[in-house]
Amino acid sequence: MVATLHSDQALLAALKTDKDLDKAVRSLYRQYFDSLSIYIQQNNGNRQDAEDVFQEVVVTFIELVNQGKFRGDCSIKTFLYSLNRHIWLNEIKKRTRMQVRNEKFELAKEQVEPDISAVISGREARQQVMELIEQLGDSCKQVLLAFYYQDLPVKDMLSFLPYENEQVVRNKKYKCLKKLEELLHQDPVLASNLKTILAYEQ
Amino acid sequence: MSNEITSELLIQYLDNELDAVERASVETALAADQDLQNLLERLKLAKLAFSQYARREAVAGILSDEKKESAPVVKINRMRSVLRIAAVLLVLLVIGGIVQYSLLDAQRLYSAQYKQYTLGTTRAAESASPLERAYRNHNFGDVIAIYEKNDSLSNTDHFLAGQAYLQTGNATRAIVAFENQININGVLPFKPYQDDAEYYLALSYLKLGEVSTALELFEKINQQPQHAYSKEVGTWFLTRLRWLSKKEKN
């Protein structure tokens, strides 16, 4: 079992390096999932909703930490509670559009820092991008993951990718990224939304 | 768009795979070509989008693994809680048992089990025997006096006399009276108060402190579901009676 990182400083340090991501995410889950889940389940959600929202909370938190937008003005716990509530109210709003819940949402929205609010509000566009990337197919995702997430040397990729040499791997990467670029080009609204989010996050 | 600069070259530029000369060449082309700049922006966007996708997938995978790994822990923790509660209950049960065992005696058990017998109203008062009338009036001393003076007694008289003896604390005489009634019933096709007599006979032995005999009689009653007192002789009562029997033998 992976050891739990108990202090906020240790967690933040781990979140900033992808190689410690596993340990950091597991620590967040062990320390905060149960309590965040209670909020969702006490507010018309179920266990599955709580798990989905928690994943969003973690992803958003990692993004904010990496962008330096978590300034440590409050504890990680308080910050995650705020994200959890905001993401769930956003989801309720999307699901029901009920006036009462809209009011609650607007009220809660005002209480969240504008920086965080902007990141969360891009979730829908990000979700669409996720669906777009799924269209690339497994072989493309595998190559792009090796290049852009795992940051592996090309020669190491040959040990698990079904390609003859490094040049073939590189060619595959070009084709795949180009394909993604074309998909985004075909959906200018989505590309524009994504650009706005990413520009904001840079 | 510049003819010399391909998407592939732009991606290499983006990924820092070009040497200084090549980079300078791309940057010159970019400066002069808006379409090329737009393409570079879209490629950059695609790359950033993929990085986000990758992180999201990684987090989803880690959380999925963590849920699987922590689930048995939760189950074990729940099991531990259940076992802890069970252990506490067991300890309380044992303590309760010890207390019950130490406080157990025949008189206590008899008092808990004994209920005064009440005659039904099946007969008119004038047709009832003097003994029965005395019993109905709760004159147990008169019942005993009539019983002891009279030689011609019915099985009902024996039964009521047994009840009167028990009521006045004379278990020895109650046993004799109940046994008389049961013996008479033995030769009758219709056996009045048979189940009642068996039950109160057992109670009389308990009152007298003859626990083994009482236990034997109560167990017989308990083993007959059709017996009028089978439900009165419950498992908990029999258990305590068995404890008492063992306690007295030790």
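Residues numbered from 1 in each chain as written. Chains lettered and ligands numbered in written order. Predicted model: local features only at pLDDT ≥ 70, side-chain atom pairs only at ≥ 80, totals over all residues.

### A short note on the overall build of chain B
Part 1: Helices and strands together make up the secondary structure of chain B, namely 11 helices and zero strands.
Part 2: In sequence order, chain B lays out its α and β elements as α-α-α-α-α-α-α-α-α-α-α.
Part 3: Out of the 250 residues belonging to chain B, those deemed buried represent 27%.
Part 4: Partitioning the intrachain contacts of chain B with sequence separation of at least 6 by distance along the chain shows that 54% fall at a separation of at least 24. (Helix = DSSP H or I, 4+ residues; strand = E, 2+ residues; numbered from the N terminus. Buried ≥ 20, exposed ≤ 12 C-beta atoms within 10 Å, placed from the backbone. Contact = placed C-beta atoms within 7 Å.)

### Notes on the overall build of chain A
Part 1: When its secondary structure is counted, chain A shows 11 helices and zero strands.
Part 2: The order of helices and strands in chain A, counted from the N terminus, is α-α-α-α-α-α-α-α-α-α-α.
Part 3: By residue count, 32% of the 202 residues in chain A fall in the buried class.
Part 4: Contacts in chain A between residues at least 24 apart in sequence constitute 54% of all its contacts with a sequence separation of at least 6.

### Things to note about the interface of chain B and chain A
Part 1: The partner chain A presents 30 residues to the 25 residues of chain B that form the contact.
Part 2: Mapped by element, the contributors of at least two residues to the side of chain B that touches chain A are helix H1 (7–14) and helix H3 (34–103) of chain B.
Part 3: When residues of the side of chain B that touches chain A are assigned to their parent elements, the largest contribution, 22 residues, is made by H3 of chain B.
Part 4: Along the lines of polarity and charge, the residues of the side of chain B that touches chain A split into 14 nonpolar, four polar and seven charged. (Nonpolar A, V, L, I, M, F, W, Y, C, P; charged D, E, K, R; others polar.)

### Focus: the packing of helix H8 (residues 171–185) of chain B against helix H9 (residues 194–208) of chain B
Packed helices, taken two at a time, are described by their axes: the angle between them and the distance between them.
All names here are of chain B.
Part 1: Following both chains from N to C, one finds H8 and H9 inclined at 155°, their axes separated by 9 Å at the closest point. The pairing of H8 with H9 is recorded here as roughly antiparallel in orientation. Here H8 and H9 pass one another in a crossing that is left-handed. Only Gln194, Ala197, Glu198, Tyr200, Leu201, Ser204, Tyr205, Lys207 and Leu208 of H9 make contact with H8, whose side of the interface consists of Ala171, Thr172, Ala174, Ile175, Phe178, Glu179, Gln181, Ile182 and Asn185. (Axes fitted to C-alpha atoms, helices over the stretch in contact; angles between N-to-C directions. Parallel < 35°, antiparallel > 145°, perpendicular 65-115°, else oblique. Left-handed = near helix turned anticlockwise from the far one by under 90°.)

### Focus on the packing of helix H2 (residues 21–42) of chain A against helix H3 (residues 47–66) of chain A
All names here are of chain A.
Part 1: Relative orientation of the contacting elements H2 and H3 amounts to 130°, with a least axis distance of 9 Å. Relative to H3, H2 is oriented oblique. As for the relative orientation of H2 and H3, their crossing is right-handed in sense. Facing Val25, Leu28, Phe33, Leu36, Ser37, Ile40 and Gln41 of H2, the residues of H3 in contact are Arg47, Asp49, Ala50, Val53, Phe54, Val57 and Val58.

### Quick word on the nonpolar core
Part 1: Of all hydrophobic cores here, the largest spans 36 residues; its most connected members are Val143, Ala161, Phe178, Leu201, Ala202 and Ala214 of chain B.
Part 2: Within the residue set of this core, elements represented by two or more residues are helix H5 (130–136), helix H6 (140–149), helix H7 (155–167), H8, H9, helix H10 (211–222) and helix H11 (235–249) of chain B.
Part 3: With eight residues, the single largest contributor to this core is H9 of chain B.
Part 4: Those residues in contact with Ala214 of chain B that lie beyond four places of it in its chain are Ala202, Tyr205, Leu206 and Leu241 of chain B.
Part 5: With 32 residues, the next largest nonpolar core counts Ala14, Leu28, Phe54 and Leu89 of chain A among its residues. (Core = buried A, V, L, I, M, F, W, Y, C linked by C-beta atoms within 7 Å.)

### Points about unusual backbone geometry
Negative phi characterises most residues that are not glycine, and trans characterises most peptide bonds.
Residues and elements named next belong to chain B.
Part 1: With a phi angle near 55°, Asn16 is a residue other than glycine that sits in the positive phi range.
Part 2: C-beta crowding within 10 Å serves as the criterion here: with 7 such atoms nearby, Asn16 is assigned to the exposed category.
Part 3: The phi torsion at Tyr193 lies on the positive side, around 55°, for a residue other than glycine.
Part 4: Structurally, Tyr193 can be placed in the loop between H8 and H9.

### Side note on the confidence of the model for chain A
Part 1: For chain A, the mean per-residue pLDDT works out to 82, and 79% of the residues sit at or above 70.
Part 2: Between the elements of chain A, mean pLDDT differs from a low of 53, seen in helix H5 (residues 99–111) of chain A, to a high of 93, seen in helix H10 (residues 166–186) of chain A. (pLDDT = per-residue confidence, 0-100.)

### Focus: H10 of chain A
All names here are of chain A.
Part 1: With 21 residues, H10 should cover 30 Å at 1.5 Å per step; its first-to-last C-alpha distance of 30 Å lies within 8% of that length.
Part 2: Among the residues of H10, those classed as buried are Arg170, Lys172, Lys173, Cys176, Leu177, Leu180, Glu181 and Leu184. Buried residues of H10, viewed axially, fall in a sector of 170°; they line one side. Projecting away from the buried face of H10 at angles above 90 degrees are the exposed residues Gln167, Glu182 and Gln186. (Expected span 1.5 Å × (residues − 1). Arc of directions from axis to C-beta.)

### Some words on the environment of Ala106 of chain B
Part 1: By the secondary structure assignment, Ala106 of chain B is in helix H4 (residues 106–113).
Part 2: C-alpha of Ala106 of chain B to C-alpha of Leu241 of chain B: the two residues are 135 residues apart in sequence and 8.2 Å apart in space.

### Quick look at helix H8 (residues 138–148) of chain A
Part 1: Here H8 of chain A has its buried residues at Val143, Leu144, Ala146 and Phe147 of chain A. One side of H8 of chain A carries all its buried residues, which in axial view fall inside an arc of 160°.

### Points about the environment of Val233 of chain B
Residues and elements named next belong to chain B.
Part 1: With respect to the helices and strands, Val233 occurs in the loop between H10 and H11.
Part 2: Along the backbone, Val233 and Tyr199 are 34 residues apart, and their C-alpha atoms lie at a distance of 8.9 Å.
Part 3: Excluding anything up to four places from it in sequence, Val233 contacts Phe218, Ile221, Asn222 and Leu238.

### Re the confidence of the model for chain B
All names here are of chain B.
Part 1: Here chain B averages 87 in pLDDT, while 94% of its residues score no lower than 70.
Part 2: Of all secondary-structure elements in chain B, the lowest mean pLDDT belongs to H3, at 84, while H9 reaches the highest, 94.
Part 3: Both confidence scores are given for the complex: pTM 0.53, ipTM 0.79.

### Overview of the environment of Asp196 of chain B
Residue and element names in this part refer to chain B.
Part 1: Within the secondary structure, Asp196 sits in helix H9.
Part 2: What makes Asp196 partly exposed here is the crowd of 17 C-beta atoms within 10 Å.
Part 3: Counting along the chain gives 18 residues from Asp196 to Phe178, while the straight-line C-alpha distance between them is 9.3 Å.
Part 4: For Asp196, the residues in contact, after removing those within four places along its chain, are Tyr117 and Phe159.

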